Each structure stands twice: as C-alpha cells, then as structure tokens.
Amino acid sequence: MKKRVFSGIQPSGHLHIGNYLGSIRNWVRDLDSRDNIFCVVDQHAITVDYDPSELRANVRELVGLYLACGLDPDKCNLFVQSHIPEHTELAWLLTCVTPMGWLERMTQFKDKVGSKRERVGTGLFTYPTLMAADILLYQSHEVPVGDDQKQHVELTRDIAERFNHKFGEVFVVPEPVIPEVGARIMGFDDPTVKMSKSAEGQHHSVALLDDLKKARKTIMRAVTDSGRDIVFDPERAGLYNLLSVYQALTGQSRDEIATHFEGKGYGDLKKEVAEAVIAEIEPIQARYRELTADPSHIDGVLAQSVANLRPIVDQTMDAVRRAMGHR
Ligand code: AMP
Ligand code: TRP
C-alpha cells in the first residue's frame, strides 16, 4: 500500500519559487511512490481581507500552475477545498476538541495578528483546525510542506491524538515532510525575511509566471554582503539564500557548488542562479499557457477528483459522526 500524501497552497497571490521549492516540486518528485491528494485551499484564503473576484482568478491560476508544474492528474487528485463541504464540517468538530491554548501558541497567528486583534476575523485564529481537517479527512500519512507549516502539522498530530484518545481510533496521525534544501527561501530584497506572496517590494520574489527579464533582474539585484568568497555560511544570509536556491535547483552537493564557484564572484553566482531559475520556470510558463487555453479541461480534472475522493470523505465522516455521538 502506498502512503497517502495530502498538501495544499492558498490561492492568495502569485506562486513564487519559495512555494515551488518548498512544496510543489517535492510533490511532483514523489508522485509515483505515493497516493496523492493536492488541494487549492480557498477557504484558508478568506481568513484575511480579500476580494472575491480576485480569489476566483487566483484559484484558476493556482490550479493551472499545479498542472503546469507536473502534477499529472492521472497520478494525483487535485481539487478545490470549497468543492468538498465536509472540510468545514470536520473543522468545526475539531475546533471543539482543540484547546485555545494550543492555537494561541501558533507563531504564524501571532505574526499575522500583530496589533489588529479587534479587526481580524476569528477564522485567522482557528485556521489551524481547518488545516487539520484537510489532512485528517483523507487519513493522510504524510504532509509535504515548507518549514513555516511544520508547527501546524504538529498541531494536527496533537489534535488527531486527542480525538483518538477521547472518541476511539478514528484518525491516522500524519507526519510533516520538510525538504532538506529549499524549505525556507528568503526574500531577494531582504534575506532576513521569508519570501512571501504578500510582500510589497518589486524585487522581493520571483513568481513562477513572472516576466523572465524581470525575474533575471530581481536575482541580479539580490541583496548580498561585502564579502568575496562564495561559501555556505548562514550568517551571510543573502549569499546563503542564493546558494540554497542554486542547490535546490541543480541538485548538486554543497562541496560541488563551492568548488564550482571557486575564484568566481557574486556577479557570476547571480548569473548562474538566474539561469537555473529561468531554465526551471520557462517550460512551466509554456505548459501553463497551453493548459489554460482550454478551461473545460481544468474543470474536468477538478470534478473527476472530487468524485474520486467522495468515498474516502464519506467513510471518514461516517466514523467521526458515530464516534462523536451524532449518529
Ligand atoms: P502558502 O503560500 O502559505 O499557502 O504556502 C504554500 C506552501 O509553500 C507551504 O508548503 C509553505 O510551507 C511553502 N512556502 C511558503 N513560503 C515559502 C518559502 N519562502 N520558502 C519555502 N517554502 C515556502
Ligand atoms: N496552511 C498552509 C499554508 O498557508 C496551506 C494549507 C492548508 C495546507 N491546508 C493544508 C498545507 C493541509 C498542507 C496540508 O501554506
């Protein structure tokens, strides 16, 4: 039996190479050895201010990118969260077994809420229970994500264990799977902050659908330091980030990379990083244009996956409702 994998991305902006290296690329690599479920989590994207027509467009774009990056619909199920209403039903049930203190410890919530406690929706606070519902609904074994989501997957484990202890063994307890390289790509304009979809700067990130000239420019302008030698040193954050992107894309070892760049300068490194990034995203953009030319193909893929997943959803929800005393 293959292990079941579940993961998702929020349709909340343009997908960047941090998302790609931290998540999608690893999903694609392991397609053949896993039973795969990938979701566009549109109900997570409404936990902050948003525009409904932009959300609709972002969902289409993200599904198109999933396919263009190589998530072959013959090898995985690929769907939009709100098309399976049991995600929110299960989220409520799990909210009732999740202590407030556990949610209060989530660092992403603390970072996002800042001084806006009176303004943000409660969904931003309870969001990890929706994420737990996504994962547990499918009895998933593995959750491949970037470093920033590890805490939420660990919370999911705690919620599953608490539920199983209280109501009987219903859920598989899942494991986070974090890549060794590329789990936390930093901003090119500021290597002390994580690359993010919502950052303001023109040259903060490279999006998968960025104009290639702009992508090259962003990398050539990446903030580094006044050093000269090219070595993996986490203290030199800008250089370390460029080297990590290079390592993730080329698959070479750190020693091979250090030898390759011996005697060369930061300019040479940036040029080669830009080449590697463009070599990766150019074919994705071409496939994206082909795939999105026929929206009915994408609709067909989404509907088929929802139909494929129905029996698993019914089975889990039946067990949950019985265990909790609703049936
Ligand atoms: P999000 O855009 O927050 O929905 O994230 C989608 C996926 O990309 C999750 O698995 C994140 O952990 C991952 N991710 C987000 N930002 C980064 C980053 N800067 N570096 C690596 N992975 C990331
Ligand atoms: N919270 C994740 C993020 O912001 C997205 C997400 C929602 C997710 N549900 C999930 C990731 C289930 C993995 C599994 O990146």
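None of these values were measured; they are calculated from a predicted model. (Residues numbered from 1 in each chain as written. Chains lettered and ligands numbered in written order. Predicted model: local features only at pLDDT ≥ 70, side-chain atom pairs only at ≥ 80, totals over all residues. Heavy atoms only, no water.)

Considering the overall build of the chain
A tally of helices and strands in the chain yields 12 helices and 5 strands. Taking the principal axes of the C-alpha coordinates as reference, the chain spans close to 70 × 45 × 40 Å. In the chain, buried positions account for 49% of the 327 residues. At a minimum sequence separation of 6, the contacts of the chain that also span at least 24 residues come to 74%. For the chain, the exposed area adds up to about 15800 Å²; of that, 48% sits on carbon and sulfur atoms. Side chains of the chain carry 39 positive and 47 negative charges; the gap between the two charge centres is 2 Å. (Helix = DSSP H or I, 4+ residues; strand = E, 2+ residues; numbered from the N terminus. Buried < 20%, exposed > 50% of the residue type's maximum accessible area, 1.4 Å probe, protein only. Contact = heavy atoms within 4.5 Å. Areas by Shrake-Rupley, 256 points an atom, 1.4 Å probe, with all protein chains shown as cover. Lys, Arg positive; Asp, Glu negative; His and termini not counted. Charge placed at Lys NZ, Arg CZ, Asp CG, Glu CD.)

A word on unusual backbone geometry
With a phi close to 55 degrees, glutamine 139 is a non-glycine residue in the positive phi region. Assignment of secondary structure puts glutamine 139 in the loop between helix 6 (123-137) and strand 4 (142-144). Residue classification places glutamine 139 among the buried positions, given a relative accessible area of 17%.

With respect to the pairing of strand 2 (residues 34-40)
Successive residues of a regular strand alternate their side chains across the two faces of the sheet. In terms of burial, strand 2 is a largely internal element, 5 of the 7 residues being buried. Following the chain from strand 1 (residues 3-9) across helix 1 (residues 17-29) to the adjacent parallel strand 2, one finds a crossover that is right-handed. Tracing the backbone out of strand 2, into helix 2 (residues 52-68) and back to the parallel element strand 3 (residues 76-80) gives a crossover that is right-handed. (Right-handed = clockwise from strand over helix to strand, strands pointing away.)

Some words on the domain arrangement of the chain
Each domain of the chain was delimited in the assignment, giving domain 1 (4-178 + 295-323) and domain 2 (212-289). One C-alpha centre belongs to domain 1, the other to domain 2, and the line joining them spans 31 Å. At the surface where domain 1 touches domain 2, the tally comes to 0 salt bridges. Summed over the shared surface of domain 1 and domain 2, the number is 3 residue pairs in polar contact (both at pLDDT 80 or more). Each residue belonging to the side of domain 1 that touches domain 2 can be placed in one class, and the counts come to 6 nonpolar, 1 polar and 2 charged. (Domains from an automatic or database assignment. Salt bridge = Lys/Arg side-chain N within 4 Å of Asp/Glu carboxyl O. Polar contact = N/O pair within 3.5 Å; in protein donor to acceptor, adjacent residues only side chain to side chain. Nonpolar A, V, L, I, M, F, W, Y, C, P; charged D, E, K, R; others polar.)

Some thoughts on the site of ligand 2
In the vicinity of ligand 2 there are 13 residues, among which Gln10, Tyr127, Met131, Asp134 and Gln149 approach most closely. Here a nitrogen atom of ligand 2 sits 2.5 Å away from a polar atom, N or O, in the side chain of tyrosine 127. Aspartate 134 is positioned such that a nitrogen or oxygen atom in its side chain is 2.7 Å from a nitrogen atom of ligand 2. In isolation ligand 2 exposes 360 Å². Once the protein is present, 92% of that is buried. Examining the composition of the shell around ligand 2, we find that 4 residues originate from one element, helix 6, more than from any other. Considering only residue class, the shell around ligand 2 consists of 7 nonpolar, 5 polar and 1 charged. (Near = heavy atom within 4 Å.)

As for the pairing of strand 3
The buried count for strand 3 comes to 5 of 5 residues, which makes it a mostly enclosed element. Burial along strand 3 is two-sided: the face carrying Cys76, Leu78 and Val80 and the face carrying Asn77 and Phe79 are both buried.

Looking at the site of ligand 1
The immediate surroundings of ligand 1 are formed by 18 residues, with Gln10, Gly146, Asp148, Ile185 and Lys197 found nearest. Between ligand 1 and glutamine 10, the relevant distance is 2.9 Å, taken from an oxygen atom to a main-chain nitrogen or oxygen of the residue. Within the side chain of asparagine 19, an N or O atom sits 3.2 Å from an oxygen atom of ligand 1. Here ligand 1 has 480 Å² of accessible area as a free molecule, and 92% of this is covered by the chains. Broken down by element, the shell around ligand 1 gets its largest block of residues, 4 residues, from helix 1. Split by residue class, the shell around ligand 1 holds 5 nonpolar, 9 polar and 4 charged.

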